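The residues making up each chain are set out below.
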4 protein chains.
Amino acid sequence: MTKCEDTPGEKCAVFGIRSAAEEVFDSIYYGLYALQHRGQESAGIATFSDNKIILYKNMGLVSDVFSDHLKNDRRLPGRSGIGHVRYSTCGSPGIENAQPMVINYSGGSFAIAHNGDLVNDDELRAILERKGSVFTTTSDTEIIAQLIVKEHLRTGDFIEGIKSAMNYLRGSYSIVILKEDRIIAVRDPWGFRPLVYGRSDKAVAVASETCALDSLGMQTVRDVKPSEILVIGDTVESHYGRKDEVHHCMFEYVYFARPDSIVNEIPVYEVRRNLGRILALEAPVEADLVVAVPDSGITAAIGYSQESKIPYGEGLMKNRYHGRTFIMPGQKQRELGVKVKLNVIKSEVLGKKIVLIDDSIVRGTTIKRLVKLLKDQGAAEVHVRISCPPIRHPCHYGIDMQSYDQFIAQKKEVKEIEKQIGADSLAYISLEGLVHAIGLPEEKLCLACLNGNYPIKEEQTKLSDI
Amino acid sequence: MTKCEDTPGEKCAVFGIRSAAEEVFDSIYYGLYALQHRGQESAGIATFSDNKIILYKNMGLVSDVFSDHLKNDRRLPGRSGIGHVRYSTCGSPGIENAQPMVINYSGGSFAIAHNGDLVNDDELRAILERKGSVFTTTSDTEIIAQLIVKEHLRTGDFIEGIKSAMNYLRGSYSIVILKEDRIIAVRDPWGFRPLVYGRSDKAVAVASETCALDSLGMQTVRDVKPSEILVIGDTVESHYGRKDEVHHCMFEYVYFARPDSIVNEIPVYEVRRNLGRILALEAPVEADLVVAVPDSGITAAIGYSQESKIPYGEGLMKNRYHGRTFIMPGQKQRELGVKVKLNVIKSEVLGKKIVLIDDSIVRGTTIKRLVKLLKDQGAAEVHVRISCPPIRHPCHYGIDMQSYDQFIAQKKEVKEIEKQIGADSLAYISLEGLVHAIGLPEEKLCLACLNGNYPIKEEQTKLSDI
Amino acid sequence: MTKCEDTPGEKCAVFGIRSAAEEVFDSIYYGLYALQHRGQESAGIATFSDNKIILYKNMGLVSDVFSDHLKNDRRLPGRSGIGHVRYSTCGSPGIENAQPMVINYSGGSFAIAHNGDLVNDDELRAILERKGSVFTTTSDTEIIAQLIVKEHLRTGDFIEGIKSAMNYLRGSYSIVILKEDRIIAVRDPWGFRPLVYGRSDKAVAVASETCALDSLGMQTVRDVKPSEILVIGDTVESHYGRKDEVHHCMFEYVYFARPDSIVNEIPVYEVRRNLGRILALEAPVEADLVVAVPDSGITAAIGYSQESKIPYGEGLMKNRYHGRTFIMPGQKQRELGVKVKLNVIKSEVLGKKIVLIDDSIVRGTTIKRLVKLLKDQGAAEVHVRISCPPIRHPCHYGIDMQSYDQFIAQKKEVKEIEKQIGADSLAYISLEGLVHAIGLPEEKLCLACLNGNYPIKEEQTKLSDI
Amino acid sequence: MTKCEDTPGEKCAVFGIRSAAEEVFDSIYYGLYALQHRGQESAGIATFSDNKIILYKNMGLVSDVFSDHLKNDRRLPGRSGIGHVRYSTCGSPGIENAQPMVINYSGGSFAIAHNGDLVNDDELRAILERKGSVFTTTSDTEIIAQLIVKEHLRTGDFIEGIKSAMNYLRGSYSIVILKEDRIIAVRDPWGFRPLVYGRSDKAVAVASETCALDSLGMQTVRDVKPSEILVIGDTVESHYGRKDEVHHCMFEYVYFARPDSIVNEIPVYEVRRNLGRILALEAPVEADLVVAVPDSGITAAIGYSQESKIPYGEGLMKNRYHGRTFIMPGQKQRELGVKVKLNVIKSEVLGKKIVLIDDSIVRGTTIKRLVKLLKDQGAAEVHVRISCPPIRHPCHYGIDMQSYDQFIAQKKEVKEIEKQIGADSLAYISLEGLVHAIGLPEEKLCLACLNGNYPIKEEQTKLSDI
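This structure is a prediction, so every number in the text was calculated from the model and none was measured. (Residues numbered from 1 in each chain as written. Chains lettered and ligands numbered in written order. Predicted model: local features only at pLDDT ≥ 70, side-chain atom pairs only at ≥ 80, totals over all residues.)

### Quick look at the overall build of chain A
Within chain A, the secondary structure is distributed over 17 helices and 23 strands. The burial tally for chain A puts 59% of its 466 residues in the buried class. Of all intrachain contacts in chain A linking residues separated by at least 6 positions in sequence, the fraction that spans at least 24 positions is 72%. (Helix = DSSP H or I, 4+ residues; strand = E, 2+ residues; numbered from the N terminus. Buried ≥ 20, exposed ≤ 12 C-beta atoms within 10 Å, placed from the backbone. Contact = placed C-beta atoms within 7 Å.)

### A short note on the relation of the copies chain C and chain D
Mapping chain C onto chain D leaves a residual RMSD of 0.0 Å; the transformation is a rotation of 180 degrees accompanied by 0.0 Å of translation along its axis. Here the copies are linked by what is in effect a two-fold axis. Interface overlap between copies is the fraction of interface residues in one copy that are interface residues in the other; for chain C against chain D it reaches 100%, indicating a shared surface. (Least-squares fit on C-alpha atoms with pLDDT ≥ 70 in both.)

### Brief notes about the interface of chain C and chain D
Residue-level contacts link 53 residues of chain C with 53 residues of chain D. Along the lines of polarity and charge, the residues of the side of chain C that touches chain D split into 23 nonpolar, 18 polar and 12 charged. (Nonpolar A, V, L, I, M, F, W, Y, C, P; charged D, E, K, R; others polar.)

### Concerning the domain arrangement of chain A
What the domain assignment reports for chain A is domain 1 (13-246) and domain 2 (268-319 + 335-439). Taking only C-alpha atoms into account, the centre of domain 1 of chain A sits 35 Å from that of domain 2 of chain A. (Domains from an automatic or database assignment.)

### Looking at the packing of helix H9 (residues 268-282) of chain A against helix H16 (residues 431-438) of chain A
Residue and element names in this part refer to chain A. Relative to each other, H9 and H16 sit at 145 degrees, their axes nearing to 8 Å. With respect to the hand of their crossing, H9 and H16 are arranged in right-handed fashion. The residues of H16 that touch H9, namely those facing Val271, Asn274, Leu275, Ile278, Leu279 and Glu282, are Gly433, Leu434, His436, Ala437 and Ile438. Of the residues assigned to the contact of H9 with H16, the class counts are 7 nonpolar, 3 polar and 1 charged. (Axes fitted to C-alpha atoms, helices over the stretch in contact; angles between N-to-C directions. Left-handed = near helix turned anticlockwise from the far one by under 90°.)

### So, the relation of the copies chain A and chain B
Superposition of chain A onto chain B requires a rotation of 180 degrees combined with a translation of 0.0 Å along the rotation axis, giving an RMSD of 0.0 Å. Both copies contact each other with a shared surface, as 100% of the interface residues of chain A are interface residues in chain B too.

### Let's talk about the pairing of strand E20 (residues 353-358) of chain C
All names here are of chain C. For E20, the buried fraction is high: 5 of the 6 residues fall into the buried class. As defined by bridge partners, strand E17 (residues 289-292) adjoins E20 across 4 bridges and the pair is classed as parallel. Counted as the bridge partner of Leu289 is Ile354 from E20. Direction of pairing for E20 relative to strand E21 (residues 381-386): parallel, over a ladder of 6 bridges. The residue bridging Ile354 from the neighbouring strand is Val382, located in E21. What joins E20 to E21 is helix H13 (residues 365-376), and the crossover it makes is right-handed. (Pairing = 2+ DSSP bridges. Right-handed = clockwise from strand over helix to strand, strands pointing away.)

### What about the sheet that holds strand E22 (residues 425-428) of chain D?
All names here are of chain D. In space, the 4 strands of this open sheet follow the order E17-E20-E21-E22, with parallel pairing throughout. Edge positions in the sheet fall to strand E17 (289-292) and E22, since each of these pairs with one other strand and no more. Averaged over all pairs of adjacent strands, the angle between strand axes in this sheet comes to 25 degrees, irrespective of strand direction. Pairing of strand E21 (residues 381-386) with E22, which is carried by 4 bridges, proceeds in the parallel orientation. Pairing of Arg385 across the sheet is with Ala427, part of E22. Each of strand E20 (353-358) and E21 touches helix H13 (residues 365-376); the most contacted strand, E21, lies at about 150 degrees to it.

### Side note on the packing of helix H5 (residues 140-155) of chain B against helix H6 (residues 158-166) of chain B
Residue and element names in this part refer to chain B. Where H5 contacts H6, the two axes come as close as 7 Å, and the packing angle between them is 125 degrees. The pairing of H5 with H6 is recorded here as oblique in orientation. Helix-helix and strand crossings are classified by hand; for H5 and H6 the assignment is right-handed. Between H5, through Ile144, Leu147, Ile148, Glu151, His152 and Thr155, and H6, the contact on the second element is made entirely by Phe158, Glu160, Gly161, Ile162, Ser164 and Ala165. (Parallel < 35°, antiparallel > 145°, perpendicular 65-115°, else oblique.)

### A closer look at helix H6 (residues 158-166) of chain A
Along an α-helix, a turn takes 3.6 residues, which lines up residues three or four apart on a common side. The buried fraction of H6 of chain A is high, at 7 of 9 residues. Every buried residue of H6 of chain A is accounted for by Phe158, Gly161, Ile162, Lys163, Ser164, Ala165 and Met166 of chain A.

### Structural notes on the confidence of the model for chain A
Residue and element names in this part refer to chain A. Across chain A, the average pLDDT comes to 89, with 89% of residues at or above 70. This stretch, residues 1-10, has a pLDDT under 50; its non-local contacts, to residues over four places away or in other chains, come to 29 contacts. The ipTM assigned to the predicted complex is 0.89, against a pTM of 0.88. (pLDDT = per-residue confidence, 0-100.)

### Some words on the environment of Glu41 of chain D
Looking at the secondary structure, you find Glu41 of chain D in the loop between helix H1 (25-34) and strand E2 (42-49). We classify Glu41 of chain D as buried; it has 20 C-beta atoms within 10 Å.

### Quick look at the environment of Leu70 of chain D
Considering the arrangement of structural elements, one finds Leu70 of chain D in helix H3 (residues 67-71). Sequence separation between Leu70 of chain D and Phe25 of chain D is 45 residues, and the spatial gap between their C-alpha atoms is 9.5 Å.

### Notes on the environment of Asp260 of chain D
Inspection of the secondary structure puts Asp260 of chain D in the loop between helix H8 (250-256) and strand E15 (262-263). Not counting the four nearest positions on each side in its chain, Asp260 of chain D is found in contact with Met317, Asn343, Val344 and Ile345 of chain C together with Cys211, Asp214 and Tyr269 of chain D.

### Remarks on helix H13 (residues 365-376) of chain A
For H13 of chain A, spanning 12 residues, the distance from its first C-alpha to its last is 16 Å, which sits close to the expected 16 Å at 1.5 Å a residue. Positive phi shows up at Gly378 of chain A, right after H13 of chain A, with a value of about 110 degrees. (Expected span 1.5 Å × (residues − 1).)

### Regarding unusual backbone geometry
In this structure, the amide linkage connecting Pro294 of chain A to the following residue, Asp295 of chain A, adopts the cis form with an omega of -5 degrees. Its location among the elements puts Asp295 of chain A in the loop between strand E17 (289-292) and helix H10 (298-308). The backbone phi angle of Asn51 of chain A is positive, close to 65 degrees, even though this residue is not glycine. Residue position: Asn51 of chain A is located in the loop between strand E2 (42-49) and strand E3 (52-59). In the Ramachandran plot, Glu180 of chain C falls in the positive-phi region, its phi being about 50 degrees despite a non-glycine side chain. Along the chain, Glu180 of chain C falls in the loop between strand E7 (171-179) and strand E8 (182-187).

Shown next as structure tokens:
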């Protein structure tokens, strides 16, 4: 499912590594490659070598952006560095917003990469501009950087500056900073976005998800904690900024994070299977086969099958051979769309009552086509089960708003949607079921997009001044 | 798993379509896109319009080769046409061997595309050369084309020419020909490679696999039968060439065909699940979890789970974001290789006894790394089960030989391999189990790579003369 | 000036080299690069190594097609080889017509590359097809190759086969063949297209123009003579096929060949300067400045200046920075066209009477805009002088017909054209002047496009049989 | 001659246009295309539409960067806009330094593009950083922008801010700014780099050179004057900042500017021809032919010929077909280098005494090879004449230093160089001759790289504070 169509998207992933023994370019490259699912629009790496920061970034996948560096052995030198991949939003993004960003000021230089979304960006930008700040991009990252600079200069200490800056930042941020040869990882007080820390015998690293550490053969040590400022130099030191109530984003578990990652000490795969299991308990149906919408619904479908004892089978097959320039059919052939990407395994669905599992319904057009496709191929019934409660409120903490506005559940009741998509029945998991599946206390989660209960109150975003 | 590394590869797919009502370029494009798994090296389309054949072919995926045609609406015109995708062999292939090939001679012109491999290509080429034929490529396709030309000229009839040519062809061939506005589909007497025929209310089509017909919303009518020459004009006529004993390739079921295709009237998905089920019966093991090597082992793993009642789970996660220019790590980081592409879901495998399912072992290096990876992440035991008997003999009928030479089972016994890959146990499905899973009589299958029993005897390839 | 617009184009250049001491890939690469002006559409190289022919060809400039070979040191191996660059015609050309072409038959294999155009291609093709030949391309090259094959097989000797084939070939052909490790160069009896032969202490080479030999630091030995078959093996042997009256193409001197080449022992640069000189004598005008249309008119303009004593100056400046994807302005801005590519040097033309020199007028639109441009910038008068007589007849021997049909002089008298392009006066060099400038006897030249006197009579192209 | 090899390079060109009647994207595109000789590394356009600035920039030639915009008609909207092309320096440049740059601050937004080089950049950056400025790039452009922001905020008026900022800027700067729908053009007090202003009946534009106005069919009005701030809104207003002694860069005339441009009211072409004429008077030699090193020496060679009455001829021919990925020969074939790019016209030079004209000698390797090449082809004598005095001092005002360090004349006397390059004689034009050729009073020129007399004294660059 293409971006800007039927899938919510999050902004970016970050990675940072420092080694006492080795060049780190290859590790950043493979670390970012493991995080590519969090952003396919641009990629960048900054390293520190010979007392200066070296930066390369461009539009494209990690492997395309850095293929020349590897082929011709023109790796960026240095034993510490950070990297970033960015999400392809639907607006025109622009190379000027690619990350990492390098900042030069009277306190020296640093490179910064950011995953998240500030709530009070307009306000902070206005205040900073009033105080004389000048912005060369439209990104939150530059706001954070300018605030850190300001507070560094005010307090006289870089780490104090970060700590102080955190007093003003409202929203989600998982940040890696390259300051001289140190890596500094910062996570917002609410812990919205994931950020983990790991090590091998040769290096210490931070990453948006554990899968990046795994792919390098590194051991995950622990999460970077909400409010924490982790400073990775010759030693690893822990500082803390302003604290607040922790609210981890539930959608990392439901959709965004890779299933092989462990987010906030909870394995994503376990949560997704639990979602399927609980969905089977909450919304049982007499059926012959559990089928997933690949790839997003697979793990929940396995869970649903295990709990319901209804066999799991691959009823839909995905074509994986998109070229760089795959073009979807024109007006006239739009109806081919789904068939070109997904095909039914007829022998598996013929005459059967199907439970079809996915993680979300956005506009409803794709699931409607899939229901029809399954029925056209002989499915007796199609019961749709969604492993996330209806999304009815916009996210302010890092989920792409453009697609979210299109969520059908913001405007329609479940019964209406059921009718619209042509399913024999439709059920979403309950909010309680979701919380239970994750296994964290409800108050530790951000469920704002489900219940409108935003962790950061509007009054909090009103800053008197900096 | 990359070609030339650990996966056997087959040569090509073909597609042909004729419509009374519509331009066919888009249908060929999407038909080939559905068949892309059978060849990613080059793509080509030939159509018939205004009394001549129009051809475009180039290196690359279908969507890349024809992106300009779609973007700028420079579609090849015509209501009948054929297409081809070619497999990326490890040798240097060359644009000059791309297909379809256009043939001009005193009998007119035709375009031809071919999937298969002749056994007596050297002999035929030598005979044809002795008789004055001149070859501009090194492909079997040109041999077939020249033979058809020769026999057409001799017999005075194109279809008779094909029929006569079939008397001399030994090996596998599923062919589509564009002769004026007719599509002619030919399948070898043994029925090695698949070829099917379908229709909608607007068009008639032939394709290497049913999934191509499905993706266009067309109904599969039936297989093109072994020895059959199907002529698609204003009507669809059936002719037959030389007959022989039918021997369908078993490896289409085990690995090559898309699981949503129906090959020789047998659903591939069913066979793969049966393979898993029978494997569970033949080689049971006390275990906690059935895990597949993605994507090739998934369906058999589901079958193994269903039969054994051991839960199926995703223990290995695949990274799907290869860019166009993905470069594998250098010497020093070769060991990262598998981790970069596959990661273990630790929570799922920790402390568990694992049954790991794949469809084949080539050199054994990948499965060895996966066993180690699973154990490193805490798997208590890893039992490897292979859903195809050991491959011990070269294929002469369309499977890439280069990689097959490397099949570990050609040289080693199962126990040796078990030890080498570090598995707690290793079992292959039996030949009987395989046959049973497919559901065709053993004598209807080609099992030569398993038992050395080649359907085409050497003496048959000795032609006295043409 | 873009192809298909205002410039006649010729088909291709060939190059061949054999060394006793060195790999030849780099030499072929640079040789073709020196000949790039003769064809920018596709490039190909075939070498002989380890008893077989190795071929690589693709669409694009030499430097683009072979950049990977050089960057990654994957040069084609071998001490003998041939190469080809092809002209970008306006029709859809197709990778399948790229050269060299490799031919396999009972007499072995050879690679062939061709520059020229057959007159009796349709007839030869028909005869060969009647005799059983099968063609996989639409190129003259394949006709020549099939004829050589036929005659080789008939006579039992390859060189005899070429000699015999020459009896049937009507039209222009400068050919290089790679047969085992020998290079064979063949030039048609009329000597239409150039072909030269050179050597260094390490290698012997043939090329379409001497500039290719120069760029490799090789000495030009002499022309390959009309009717000659030059066989470059351990020794260099000379054979001769059917003889006819020599008629060298005059347009090589006027436009096609590089000015630093020596064609038929006559320096192209000398001819072009002579053309200018004679034009000054034939069509004098009282003026202040001689200006060339860059780049094609420069040398003649220098000659005109030298003879007339009117100073030569650069009144028009060309923008050389076309990117790969330069797009000309749309409808509305079409008038910008010429200005974007050529700008007037105002200070040089202001108030002056200008003689504007070019080598030809095709449709007349470009020269009309240039005259206007010069006048708009203050030129008092603009007198156009063309260093080639009016082209009034199509070329059958290698010049692209598509653009030639558009030659304004085929339909209009000089006075009409003068008026249409807005020049104060217009004169073409006379046919006698042209002949004099070249310095060869008129009967040794092909002037068919000027006077309709075709060296190959129609009756000659009627072959009884082969 | 490739950058980083034997040619000095300057940084960038700017273009700006405002129309009351039309969209300006196409005009900026063609304007930049006309200025492409001043920078081939990156290109960018910023327009103002719907109350915001729209920016697109990327690495590559103008025609490549914006091909998609033209092909798919996704032109940036707006009736006012600016553009920039950047020079390819030898260091690693980075997309983050591409221009225009967009600046956001409490005073609003503007886009800025810059051609030039500040002398006191380090000092300004340090002062600004001390005052709290934060830099996200390493470019002078950002320093200028931040200073303007600061002074705008201090004075309360944007134009006053620019005026005030000019008090602190030392070095060369020709700037275009897009502030809302106005274009503001600023030129440094010394007038180092060119900047002109023109109009048509539909638009007003500024450009680095007049050739850009010509290519759009616009009339040049006049130079933007040193110290001038030209504000192009509904009317065109002229303001002035700090004044200083005017010193126009002499090298624009000698090498950088396009010969069809008029720089500081003096036609570049005239100057170059004068240089040749004066060189002929200052350093006469008895010879048979004047030959230019193409393309840089052509105009001076024509002048030399006109004055000396020695005929001008093309003795050297340049190959213009570099592909995107042209690769120069390896170690072993390095000597081929010059021959591959330049070939001698033997017939023209054989037995002749040659005067070889170029505009500069950098390392001396290229001219040495050319002298040898000419002699190898039979030139009797080769007398080298250089149309610029020896460059012995680094440029601080916009010429690339990397290559300048290599100027052979910084270390060697003329006689030594003459010997080293193997010329029969070598002469440079005198400084007086150069000044005379330009026709401006010596005190109006910057000749620092020739005589070490820098217009901006070091004490001037010491700012007490801002």
